[in-house]
Each structure stands twice: as structure tokens, then as C-alpha cells.
Amino acid sequence: MTETRLSSPTREVVIGPDRPFVLIGERINPTGRKLLAAEMKAGDFSRVERDAIAQVAAGAHMLDINAGIPLADEPAILAKTIQLVQSLVDVPLSIDSSIVEALEAGLAVYQGKPLVNSVTGEEERLERVLPLIRKYGAAVVAISNDDTGISEDPDVRFAVAKRIVERAADHGIPREDIVVDPLVMPIGALRGAGRQVFHIVRRLRDELKVNSTCGASNVSFGLPNREGINGPFLAMAMASGLTSAITSPLMPEVLRAIMAADVLNGNDPDAARWIRAHREPPVEGVQGRRVNRRARGGAASPPAETG
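A short tour of the structure in this document, coming up.

Our next topic: the overall build of the protein chain. Counting its secondary structure elements, the protein chain contains ten helices and twelve strands. What you see for the protein chain is a C-alpha radius of gyration of 21 Å, in line with the 19 Å of a compact globule of 307 residues. In the protein chain, 66% of the contacts between residues at least 6 apart in sequence involve partners at least 24 apart. Between the mean site of the 36 positive side-chain charges and the mean site of the 39 negative ones, the protein chain shows a separation of 6 Å.

Once that is clear, we can look at the environment of D96. By the element assignment, D96 lies in strand β5 (residues 93–96). On the accessibility criterion, D96 (13% relative accessible area) is buried. Along the chain, D96 and I65 lie 31 residues apart, while their C-alpha atoms are 5.6 Å from each other. When sequence neighbours within four positions are dropped, the list of residues in contact with D96 reads N29, D64, I65, N66, A67, L78, L103 and N117.

To continue, consider the pairing of strand β7 (residues 139–143). Taking burial as the measure, the five residues of β7 include five buried ones, the bulk of the element. What you see with β7 is no split at all: A139, V141 and I143 on one side and V140 and A142 on the other are buried throughout. The parallel pair strand β6 (residues 115–119) and β7 is bridged by helix α5 (residues 123–136), and the resulting crossover is right-handed. Bridge count between β7 and strand β8 (residues 178–181): four bridges; the pairing is parallel. Bridge pairing in β8 places V141 opposite V179. Between the parallel elements β7 and β8, the chain passes through helix α6 (residues 154–170) in a crossover that is right-handed.

For the rest of this paragraph, the subject is the sheet that holds strand β3 (residues 22–28). A sheet is described by the order of its strands in space; here eight strands give the open sequence β9-β8-β7-β6-β5-β4-β3-β10, paired in parallel fashion. Each having just a single partner strand, β9 (211–212) and β10 (244–247) make up the two edges of the open sheet. Sheet topology places β3 next to strand β4 (residues 62–66); three bridges connect them, and they run parallel. Its bridge partner lying in β4, I28 is registered against I65. The strands touched by α5 are β6 and β7; relative to β6, the strand with the most contacts, the crossing angle is about 165°.

Axis separation between α6 and helix α7 (residues 193–208) bottoms out at 9 Å; the angle between their running directions is 35°. α6 and α7 meet at a crossing whose hand is right-handed. In this structure, α6 uses P154, D155, R157, F158, A161, K162 and V165 to contact α7, whose residues at the interface are Q196, H199, I200, R203, L204, E207 and L208. Looking at the contact of α6 with α7 residue by residue, the class counts come to seven nonpolar, two polar and five charged.

Counting residues in hydrophobic clusters, the biggest one holds 69 residues, and the most contacted among them are L63, V85, L204, F233 and L234. The contacts of L63, once residues within four sequence positions are left out, are I24, G25, I28, A52, Q55, V56, V85, V89, V91, P92, L93 and S94. Residues V13, L115, I143 and V179 belong to the second largest nonpolar core, which totals 13 residues.

With that out of the way, let us pick up the side chain of T213. You can see T213 is positioned in the loop between β9 and α8 (226–240). Ignoring sequence-local partners within four residues, the contact set of T213 consists of I24, V141, V179, V180, D181, P182, L242, S244, A245 and I246.

About the thresholds
- Residues numbered from 1 in each chain as written.
- Predicted model: local features only at pLDDT ≥ 70, side-chain atom pairs only at ≥ 80, totals over all residues.
- Heavy atoms only, no water.
- Helix = DSSP H or I, 4+ residues; strand = E, 2+ residues; numbered from the N terminus.
- Rg over C-alpha atoms; globule rule 2.2 N^0.38 Å.
- Contact = heavy atoms within 4.5 Å.
- Lys, Arg positive; Asp, Glu negative; His and termini not counted.
- Charge placed at Lys NZ, Arg CZ, Asp CG, Glu CD.
- Buried < 20%, exposed > 50% of the residue type's maximum accessible area, 1.4 Å probe, protein only.
- Right-handed = clockwise from strand over helix to strand, strands pointing away.
- Pairing = 2+ DSSP bridges.
- Axes fitted to C-alpha atoms, helices over the stretch in contact; angles between N-to-C directions.
- Left-handed = near helix turned anticlockwise from the far one by under 90°.
- Nonpolar A, V, L, I, M, F, W, Y, C, P; charged D, E, K, R; others polar.
- Core = buried A, V, L, I, M, F, W, Y, C linked by side-chain atoms within 4.5 Å.

What is shown is where atoms sit, not what they do.
Now the structure itself:
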């Protein structure tokens, strides 16, 4: 099975079909967040600090870092943000920009092996981004659109992904370092958007043998109760072969869906992570003894396990 290994100075994260699902925190992104954009542009990174710490505490395995702010020095801001976040948390990062100079600035300061978000099938983009991936030994997100735009035909999107993987190989980049984004469309605008993603990720896993990711929140854009859509979508996508996603770890319903899908897919051995997260803690009895909530009035529960 294909495994994509990413690292910070002290931690390694492995994306793979037989591994627990990798959640990449999406919050450090000024797109659509006017206050965050203004603060980052002015050199105020206090919200970035809070978002980084909160996402890791909530369960993010990686963080996506974006500094796409209009009329700002994106390369400098992105590099500074990466250095700051790496000083605060120990998870690997995804360096996210549409500007190649910003990607290189981020790669130059990053400690470890990052994920670069992203490269598309456009010829100019391939020839500018792939050499950087090779130079810095990074992994890269391959977005399945090209000069013709985003096709509504999932087989066309698969063909674009296949071409990117082949072009990456020409640059000495193995398929293990390619994570394909099949492009999630809003289900409110395109009724078959979910089925398209499930179809593509199955082919990515079975035929192309690469790992996959997506911007999971896109699927519910424009709909009420987005968390109620995002969680089941991710569980179904995981069953089809999705191995990571860029989404918010601060949504409990989404986290529960991911953890449950890991149990059901056999990627949480003995349901150990699920049990640790959901085991009901003991409470103090009237004599200061710890008793089980479900057995109050009966015998005291044994001491909680450690580790």
C-alpha cells in the first residue's frame, strides 16, 4: 500500500489506506476571514497562534497554512507564519499558496518534510512547482483540473490526476509523494457531487495507487447545518478510499464521523482510539472513592488505566 510520509522536526504523520485518517486543520487561511486577513497583513499573528493551538488540541494531525491576502507580501507573510506555527505545535504542515514564489519561501524555512498545496495539471504550473517539490524533498497535493478548468466528468478529472502523477515521475517524484485532490463540488449546486468524489477516490486507490485529500467543507457550501453534511460525506468518502482531508477539527460531529469510520474501516485496531475518546470517566463517590456513573450504589470501579 502507498504511504505518504510527512514530518515536523519531532513528529511524523503517515497518510495511507491502512492508516488512521489524517485530518488537516483548515483554519489558518485568510480567505473569507476578513479580520484574520487584516491582522496578518498588519503583522498581528495572535489569532494564528490561537487557531494553531486550538486545532491541534482538538485533534488535527496536520495544519494547512495559507497567507493569500490581496495586496500583501504573501511570500514573506507565509514564511513568517510557518516559522511561528512550527514554534508552537509539533504537527507537520501543508504549505498552501497559488503563488509559486510564496511556496518556495515557505519551503525554504520549513523544518521537516511538508505537504505542498498545490500543483494542477496546467503545463506552466507543472513546470514551476514540480522542480520545487523535487528540490526540497516535499510531497504535493495534485488538484485534478487543468487548462480546460474543472470537468464535471469524474473520469476526466481522474485522467488529469494520472497525468500529474506521470509528470511528477519524470521529475523524480514518486507516487508516494503525490496526494490527489479530486475536487469536491457543492452538493447544493451539483446533485451528483458526492457520487463523483466517491467514484474518483476509488479509482485513485485501486488504479493509480495514490493517496487522496480534499477540501471537505466545500460539499456543504450554501446549505444549513453544514456539519451534518460534512461528517457523513467524509465517512462515505473514507469508505471509498479517501485517506486525508482539509477541514476544521473544531466541529465535533465531523470528528466523531471520522473516528467512527476509522473503526468501521479497521483502521482503529480494537477501537482503542474510539474507546479512549469516549470512555466515560469515573466520578468521585461520597467517600472520595471513584465509582462508575452507570453503577452508582454498587461496587467501586477499578482505578482508571494510565497511558
